[in-house]
Amino acid sequence: DHRDLHSFPTRRSSDLLERQYTIIEALGSGGMGTVYLARREGPAGFSKQVAIKLASERMTEREALMILADEARALGVIRHRAIVKTDGLVRLGGMWALVMEYVEGVNLHALGETSRVPLRAALMTVSEVAGALHAAQLSQSPGDGGATGLIHRDIKPANLLITPFGDVKILDFGISLSAMSGHGTRSIDTIEGSVAYLAPERFSGVEGPKADIYALGAVLYEVLVGEAFGPTVSQRKAHDTRLAQAGDSLAATEAAACVGLRDFILAMLAYEPSHRPTAREVERHCETWATQAPGLGLRDYAELAVPALIDQERYRIAVSGGQLLPEGTVLVEESAPNTGPLVQTWTPRTPSSGGMGLVGHAEPATSPIEILRALLSQQEPETVHRIPRSYGPETGALNTEHWLEDSTMVGYLAWFAGITLLIALGLCVFVVAQMMGGMQ
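Q: Before we go on, may I ask you to explain the pattern of salt bridges in this structure?
A: Proximity of charged atoms lets side chains of opposite charge pair with each other. Applying the stated criterion across every chain yields a total of 19 salt bridges. Among the ionic pairs, Asp 87 bridges to Arg 40, the shortest N-O distance being 2.9 Å. Taken as a pair, Asp 87 in strand β4 (residues 86–92) and Arg 40 in strand β2 (residues 33–41) lie far apart in primary sequence, 47 residues in all. Residue classification places Asp 87 among the partly exposed residues on the basis of a relative accessible area of 35%. Overall, Arg 40 belongs to the buried group, its relative accessible area being 9%. Residue Arg 262 is joined to Asp 263 by a salt bridge in which the shortest nitrogen-to-oxygen separation is 2.8 Å. Under the relative-accessibility criterion, Arg 262 is labelled partly exposed at 30%. Sharing partners across several salt bridges, the network here consists of Arg 40, Lys 48 and Asp 87.

Q: Hey, could you run me through the packing of aromatic side chains in this one?
A: Any pair of aromatic rings gets described here by the distance separating the centres and the angle formed by the planes. Evaluated as defined, the whole model comprises three aromatic pairs. By the ring-pair criterion, three or more aromatic residues cluster together here, those being Tyr 214, Tyr 221 and Phe 229.

Q: What should I look at first to understand helix α7 (residues 261–268) in this one?
A: Structurally, the α-helix is built with 3.6 residues per turn, so residues lying three or four positions apart point the same way. Listed as buried for α7 are Leu 261, Phe 264, Ile 265, Leu 266 and Met 268. Here the buried face of α7 lies against α3 (119–138), α5 (209–225), α6 (236–251) and α8 (279–292).

Q: I keep staring at the state of the cysteines and nothing clicks. Help me out?
A: Each disulfide is one covalent bond, formed between the sulfur atoms of two cysteines. In this structure the tally under the stated criterion is zero disulfides. Summary of cysteine pairing: Cys 258 is not part of a disulfide, and the nearest cysteine sulfur, belonging to Cys 286, is at 9.4 Å. The class of Cys 258 is buried, set by a relative accessible area of 2%.

Q: Got a minute to help me understand the sheet that holds strand β7 (residues 160–162) in this structure?
A: Strand pairing in a sheet relies on backbone hydrogen bonds. The paired strands run either parallel or antiparallel. Strand order across the open sheet formed by three strands is β6-β7-β8, with antiparallel pairing between neighbours. This sheet does not close on itself; its edge strands, each paired only once, are β6 (106–107) and β8 (168–170). This element, α3, spans β7 and β8 of the sheet and lies at about 45° to β8.

Q: Please explain the packing of α6 against α7 as it appears in this structure.
A: Helix-helix packing: each pair is described by the crossing angle between the helix axes and the interaxial distance. Between α6 and α7, the shortest axis-to-axis distance is 10 Å and the interhelical angle comes to 150°. Remark: the crossing between α6 and α7 carries right-handed chirality. Mapping the contact onto sequence places Leu 243, Ala 246, Gly 247, Leu 250 and Ala 251 in α6 and Arg 262, Ile 265 and Leu 266 in α7. Broken down by class, the residue content of the contact of α6 with α7 amounts to six nonpolar, one polar and one charged.

Q: Help me understand the packing of α3 against α8 in this model?
A: With their axes 8 Å apart at the nearest point, α3 and α8 run at an angle of 155° to one another. In this view, α3 runs roughly antiparallel relative to α8, as classed from their interaxial angle. Like other packed secondary-structure pairs, α3 and α8 cross with a definite hand, here left-handed. The segment α3 lies against α8, with Arg 120, Leu 123, Met 124, Val 126, Ser 127, Ala 130, Gly 131, Leu 133 and His 134 engaging Ala 279, Arg 280, Val 282, Glu 283, Cys 286, Glu 287, Trp 289, Ala 290 and Thr 291. Tallied by class, residues from the contact of α3 with α8 come to ten nonpolar, four polar and four charged.

Q: So what exactly am I meant to see when it comes to helix α1 (residues 61–77) here?
A: Compared with an ideal rise of 1.5 Å per residue, which puts 17 residues at 24 Å, α1 spans 24 Å between its outermost C-alpha atoms and is within 8% of the ideal. Counted residue by residue, α1 has 13 buried out of 17 residues, so it is predominantly covered.

Q: Is there a simple way to think about the side chain of Ser 127 in this case?
A: The residue Ser 127 is located in helix α3 in this model. At 2.9 Å, the side chain of Ser 127 forms a polar contact with the backbone oxygen of Glu 283. Beyond its immediate sequence surroundings of up to four residues, Ser 127 is in contact with Glu 283, Cys 286 and Glu 287.

Q: Please explain a nonpolar patch on the surface as it appears in this structure.
A: A cluster of nonpolar residues, Trp 415, Ile 419, Ile 423 and Leu 427, forms a patch on the protein surface that exposes about 490 Å² of accessible area. With respect to the secondary-structure elements, Leu 427 resides in helix α11 (residues 407–439). Given a relative accessible area of 52%, Leu 427 falls into the exposed group.

Q: Just checking my understanding: could you explain the environment of Leu 27 for this structure?
A: Structurally, the position occupied by Leu 27 is in strand β1 (residues 20–29). In the structure, Leu 27 is positioned 290 residues away from Ile 317 in sequence and 7.2 Å away in space, judged by C-alpha atoms. Every residue in contact with Leu 27, bar those within four places of it in the chain, is listed here: Val 35, Tyr 36, Leu 37, Ala 51, Tyr 102 and Ile 317.

Q: Help me out: how do you make sense of the environment of His 134 in this one?
A: On the secondary structure map, His 134 appears in helix α3. Here His 134 falls in the partly exposed class, since its relative accessible area comes to 27%.

Q: Even after reading the chapter, I still don't get unusual backbone geometry, so can you show me in this structure?
A: Peptide bonds are, in most cases, trans, and in most cases residues other than glycine have a negative phi. Pro 231 follows Gly 230 through a cis peptide bond whose omega is 10°. The phi torsion at Arg 153 lies on the positive side, around 75°, for a residue other than glycine. Note on placement: Arg 153 falls in the loop between α3 and β7. The exposure class assigned to Arg 153 is buried, which follows from its relative accessible area of 6%. Non-glycine residue Asp 172 carries a positive phi angle of around 60°. You can call Asp 172 buried: its relative accessible area is 9%.

Q: Can you help me understand the nonpolar core in this one?
A: Taken as a class, soluble globular proteins show a tendency for nonpolar side chains to be buried jointly. Counting 85 residues, the largest nonpolar core has Leu 111, Leu 123, Ile 170, Leu 216 and Val 282 as the members making the most contacts within it. It is α5 that contributes the most residues to this core, eleven residues altogether. Among the nonpolar cores identified, the runner-up in size contains 16 residues, and Ala 26, Tyr 36, Val 50 and Ile 317 belong to it.

About the criteria used
Residues numbered from 1 in each chain as written. Predicted model: local features only at pLDDT ≥ 70, side-chain atom pairs only at ≥ 80, totals over all residues. Heavy atoms only, no water. Salt bridge = Lys/Arg side-chain N within 4 Å of Asp/Glu carboxyl O. Helix = DSSP H or I, 4+ residues; strand = E, 2+ residues; numbered from the N terminus. Buried < 20%, exposed > 50% of the residue type's maximum accessible area, 1.4 Å probe, protein only. Phe/Tyr/Trp six-rings, centres within 6.5 Å; stacked < 30°, edge-to-face > 60°. Contact = heavy atoms within 4.5 Å. Disulfide = S-S within 2.5 Å. Pairing = 2+ DSSP bridges. Axes fitted to C-alpha atoms, helices over the stretch in contact; angles between N-to-C directions. Left-handed = near helix turned anticlockwise from the far one by under 90°. Nonpolar A, V, L, I, M, F, W, Y, C, P; charged D, E, K, R; others polar. Parallel < 35°, antiparallel > 145°, perpendicular 65-115°, else oblique. Expected span 1.5 Å × (residues − 1). Polar contact = N/O pair within 3.5 Å; in protein donor to acceptor, adjacent residues only side chain to side chain. Patch = residues over 30% accessible without salt bridge, like charges linked within 9 Å, V, L, I, M, F, W, Y side chains within 5 Å. Areas by Shrake-Rupley, 256 points an atom, 1.4 Å probe, with all protein chains shown as cover. Core = buried A, V, L, I, M, F, W, Y, C linked by side-chain atoms within 4.5 Å.

The following block contains the structure:
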């Protein structure tokens, strides 16, 4: 087993000429794998802290390579202060690993659970994220020099890191799509993302930059109101009803202090992608509103709230246990094997490539009843789900909220109800017959 801890190289004096990594602690773990804080050491006493993402042991080597390679390519071409830098893909201890810039901080989800994020700080955060999304769209591909058109596809509070100095970093480009990805059937057969932040059009197979705007609008709504806007509904009428309710909720928050902000957030959450603003417009308008908004700015708020939460998060991870690599494990870079051309495929058994909180996935061959049961059983709102885009040859996407309106689903339920009714009638007849026999 190439993941046997005893097979990892141990530190030797001859290794000092090679780049090696000493594990310090785990930073997070989930369905895609585990991210570690490590110390990279090199010749002449060079030392630097980095973050290392190792793919889940449930993945094959080829799956891990394809998924991490996409994220490495995405991080390698985007130039923006809100995007973590990468040192590239390497082989460590027989595994593929993505080495990234280490940024200390706390995600927006954890901040929101412990304190109320001031309106000014929230607007500054959203403006920074929107600017990074705009840069991701326009970054030049190293191949033909054209725009990468990169979309993140999993913008949510848990993927937005705030540092103690008020810097913002977008995390986890594991399920991003761009002109460089070449995902093949991956983007056709599945919907990947977090249910509470999925844009409605994604249930119909439409992918585009406006889906990230929808997710960012859901983030801003959640920070201001204190509850999630989702889960997403694919029916326009149901969505419009929810938007009206969201407008009332926003009117009761500090958003009312900024003229036009409430309607702008609702526009970010519009059902039609064409009705949503661009990332550049979100960046510019939120930056302007931040100068008018009450409360602390992002840096002042971060200096007060983030350091204590960093210590709490470290303690939580330390006591949770179960990490793959113990503290002090030394990994040495090794030559990569000849992997051949990477042909992107996406099979039913392939784990989701997104997020650090995968709980489960439903396979395309699974019946609608089982798919529904799997979806309803998810407890963690920050979970990344893998949802089959279609569950029959002539049916559309599974509607996770108004599923009773779907004729195929109703047909299955009708068969189930009919069989149940027949069984119940048979039992009744049997009981009555037994009672009459006893009376005789």
